[in-house]
Every structure is written in C-alpha cells, then in structure tokens.
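Fold and geometry: a report
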Amino acid sequence: MTQWVQQDARFVKWEVDEGIHAIFTTRQGGVSAPPFHSLNLSFNVKDSSTAVTENRYRAMGILGRTVGELVMAEQIHGRGVGWAEIADASRGAFSANDALPEWDGLLTRHSDIVLGMGFADCVPIFLAVPTRHIVGILHAGWRGTIKGVQVNAMALLREQGIEPKEIRVGIGPSIGPCCYEVDDAVATQFSKKLGSQSVLVPSRDGHYLLDLWEANREQLVRAGVLETNIDISRLCTACHEDRFFSYRRDQGRCGRMGGFICMSR
Ligand SMILES: [Zn+2]
C-alpha cells in the first residue's frame, strides 16, 4: 500500500515503491535566518545563496544524493511539462538561472538524476510508474491546476505508451481547503473548468474556500488515473507554521519547501 508518512522533522515521505524515493521537506533542519528559517530551498526569495546551497545539500543528503544530481525547472505557473535527461544534471541546482525554462513539470527515466521543485502553498504532485522506471513531479498552484499541468503530464506519458491506470500519484502538503480562500473570479474559473461547485465552499461574501487537492484529483481521475492510485497527504501548509512555509499565511515573505523524487540506482 502506498501512503504519506513522517518519520523525521525534516521531511514527509511518499511511500510508493521500494525503488522510488519521494520526499517533501519541511522548514526544519536548515541554516537560513528569518523569515526563511530554516530549510529554505529557493534562490528566488532574497535569502543568502550560501545558505540555500547548504540547505540543498542537506535536503539531497536525506536521499543520499548530491546537489550536482539535482534538476529543477523554472516554475511559471503554467502547464509545461518535459523530460529531464542525464545531461540536465545540476541545471537549476546551484543557481536559478539555468533551471529548465518555463516548465512546471518534470519527468525522467534516469536514476542518476533527482527531480526537484520549490513550494510554499502550491500543490506538489508526485508521479511514479514503477513498472516502466519513470518518475515525475509537478507544481500546481491554482493557475497550473486550471491550465491542466496534471493532464498535460498524463498526455506526455500516454505518448510513451503508458496507460493512466499504471500511474501512481502522490499529492503532497500544500494550502488546504481549511485555509485557501479565493475570490469570485477565481472560484468561477474552477466551477467552469470542473462543471460543478465540488471544490468550492462559500465563505464570506463573494469568497470561497477552494480545495486544490480535490481539483487536481478530479482532473487526474477524469484523465484515467485510478482513484485507488492517488494518495493525498492532507497536510495544510498554512495550518502548520512550525513545519511549513506558507506564502498566503506569511504574506509572501517566506522560504520554499522542496519536493524531490528519484529512483534507486
Ligand atoms: Zn489549513
């Protein structure tokens, strides 16, 4: 059985297959000063780059890997997904400047690289196809969720002959339906996209609580992923200030957690 577990203050782990290692870091165990205390993994938030690099070594150490094996994408809240190759190793790892441009999703067949992305409320979606030796990670905030980054990833996998029923999905910690209030304009886009109000609960006047976990789950199921193959951690980043950064709660002044996935060599 696959599941999300926490055995260590520094990360939660998606247990999916013994050959696949997927973690989502917390904010604990790093060297950054406030407001990035302490395990900030992003170069894009005005933190010390020396601290971020040290933090990245610590995060990769959890997986028994090094920063030179890491591949990261630019993350522009779009729907772009692509394949990372061995030659991409270290892109985006020591600086944001050479990250794989424009993508919000990475897939790979290579066990010599580690896929990574930064998060602070947006939804991390981990993908695994153990029988085909493929892993992936997606970044889905409300824009990426609407634009269909998850459906785009399914299309890329189908092109390779992979059926959606073979794909396992882990939806990690992000802002939950308890804390994610959006206005009417955003809510309307979701009800149009999904054809129902299933992911929205009215809050104060003209506002709704939005369930991004469910919005992504619904689109993945419509794309053919089996419900039993989707694991949602149900951990809200905004609710747990001690464990997670939250862009919404911290009013934009915070670090980023990392989602990382790789395969055993
Ligand atoms: Zn919450």
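This text follows the structure it describes.
The following paragraphs examine the structure supplied in this document. Predicted, not measured: the structure shown is a model, and the values here were computed from it.

Okay, the coordination of the zinc ion next. Put simply, a metal with four donors set out as a tetrahedron has ideal angles of 109.5 degrees, and one with six donors set out as an octahedron has ideal angles of 90 or 180 degrees. Every protein donor of the zinc ion is listed here as Cys-178 (SG), Cys-179 (SG), Cys-236 (SG) and Cys-239 (SG), and their distances to the metal cover 2.3 Å. Coordination of the zinc ion draws on donor residues from a single chain, spaced C-C-x56-C-x2-C in sequence. Linking Cys-179 in the loop between β10 (168-171) and β11 (181-183) with Cys-239 in the loop between β14 (230-232) and β15 (257-263), this pair joins segments that are 60 residues apart in sequence. Exposure remark for Cys-179: the relative accessible area of 27% places this residue in the partly exposed category. For Cys-239, a relative accessible area of 44% corresponds to the partly exposed category.

This brings us to the nonpolar core. One finds Leu-127, Val-169, Phe-190 and Leu-210 to be the most contacted residues of the largest nonpolar core, which totals 42 residues. It is helix α3 (residues 149-159) that provides the largest number of residues to this core, a total of five residues. If near-sequence neighbours (up to four positions away) are discounted, Val-169 is found in contact with Trp-14, Ile-125, Phe-126, Leu-127, Leu-220, Val-225, Asn-229, Ile-230 and Asp-231.

So, about the packing of α3 against helix α5 (residues 212-222). Running from N to C, α3 and α5 point in directions that differ by 30°, and their axes come no closer than 9 Å. Classed by the angle they form, the pair α3 and α5 counts as roughly parallel. α5 is crossed by α3, and the crossing has right-handed handedness. Contacts from Gln-150, Val-151 and Met-154 of α3 reach α5 at Asn-216, Gln-219 and Leu-220.

Now for the sheet that holds strand β4 (residues 70-72). With mixed pairing, six strands are arranged side by side in an open sheet as β1-β2-β3-β15-β7-β4. The open sheet has two edge strands, β1 (3-8) and β4, and neither has a second partner. Averaged over all adjacent pairs, the angle separating strand axes in this sheet is 25°, with direction ignored. Note: β1 against strand β2 (residues 11-17), four bridges, orientation antiparallel. Within β2, the residue paired with Asp-8 across the bridge is Phe-11.

As a further point, take the pattern of salt bridges. Counting across every chain of the model gives 13 salt bridges. Between Asp-112 and Arg-265 there is a salt bridge whose closest N-O contact spans 3.6 Å. A residue pair is termed long-range when its members are at least 10 positions apart, and Asp-112 in the loop between β6 (105-108) and β7 (114-119) and Arg-265 in the segment after β15 qualify at 153 residues. Judged by relative accessible area, which is 34%, Asp-112 ranks as partly exposed. Residue classification places Arg-265 among the exposed positions, given a relative accessible area of 59%. Notably, a salt bridge pairs Arg-217 with Glu-214, separated by 3.0 Å at the nearest N-O pair. Of this pair, Arg-217 and Glu-214 both sit in helix α5, separated by three residues, roughly a single helical turn. Accessibility expressed as a relative area gives 17% for Glu-214, which makes it buried.

When we look at burial in α3, the residues that qualify are Val-149, Gln-150, Asn-152, Ala-153, Met-154, Leu-156 and Leu-157. Those residues of α3 hidden inside the fold are in contact with β5 (81-83), β6, β8 (123-129), β9 (134-140), α2 (142-147) and α5. Phi for Gly-161, located one or two positions after α3, is positive at around 80°.

This part takes up the pairing of β10. Side-chain positions along a regular strand alternate between the two faces of the sheet. Alignment of β8 against β10, held across four bridges, turns out to be antiparallel. From the neighbouring strand, Leu-127 faces β10, where its bridge partner is Val-169. Pairing of β10 with β14, which is carried by three bridges, proceeds in the parallel orientation. Following the sheet pairing, Val-169 is matched in β14 by Ile-230.

Moving on, we get to the packing of aromatic side chains. One pass over the structure, following the stated rule, counts six aromatic pairs. For the pair Trp-4 and Trp-14, a centre-to-centre distance of 6.4 Å together with 25° between the ring planes defines the contact as stacked. Linking Trp-4 in strand β1 with Trp-14 in strand β2, this pair joins segments that are 10 residues apart in sequence. Like Trp-4, the residue Trp-14 is buried in the burial classification. Where Trp-14 meets Phe-126, the ring centres are 6.4 Å apart and the plane angle is 45°; that geometry is what we call tilted. Of this pair, Trp-14 sits in strand β2 while Phe-126 is found in strand β8, placing the two residues 112 residues apart along the sequence. The pair Trp-14 / Phe-126 is uniform in exposure class, with both members buried. Site record: aromatic cluster; members linked through ring pairs are Trp-4, Trp-14 and Phe-126. Stacked on the ring of Trp-83, the Lys or Arg Arg-109 has its end atom at 5.0 Å from the ring centre.

About the criteria used
Residues numbered from 1 in each chain as written. Predicted model: local features only at pLDDT ≥ 70, side-chain atom pairs only at ≥ 80, totals over all residues. Heavy atoms only, no water. Donors = N, O, S within 2.8 Å, 3.2 Å for Na, K, Ca; no water. Helix = DSSP H or I, 4+ residues; strand = E, 2+ residues; numbered from the N terminus. Buried < 20%, exposed > 50% of the residue type's maximum accessible area, 1.4 Å probe, protein only. Core = buried A, V, L, I, M, F, W, Y, C linked by side-chain atoms within 4.5 Å. Contact = heavy atoms within 4.5 Å. Axes fitted to C-alpha atoms, helices over the stretch in contact; angles between N-to-C directions. Parallel < 35°, antiparallel > 145°, perpendicular 65-115°, else oblique. Left-handed = near helix turned anticlockwise from the far one by under 90°. Pairing = 2+ DSSP bridges. Salt bridge = Lys/Arg side-chain N within 4 Å of Asp/Glu carboxyl O. Phe/Tyr/Trp six-rings, centres within 6.5 Å; stacked < 30°, edge-to-face > 60°. Lys NZ or Arg CZ within 6 Å of the ring centre and 35° of its normal.

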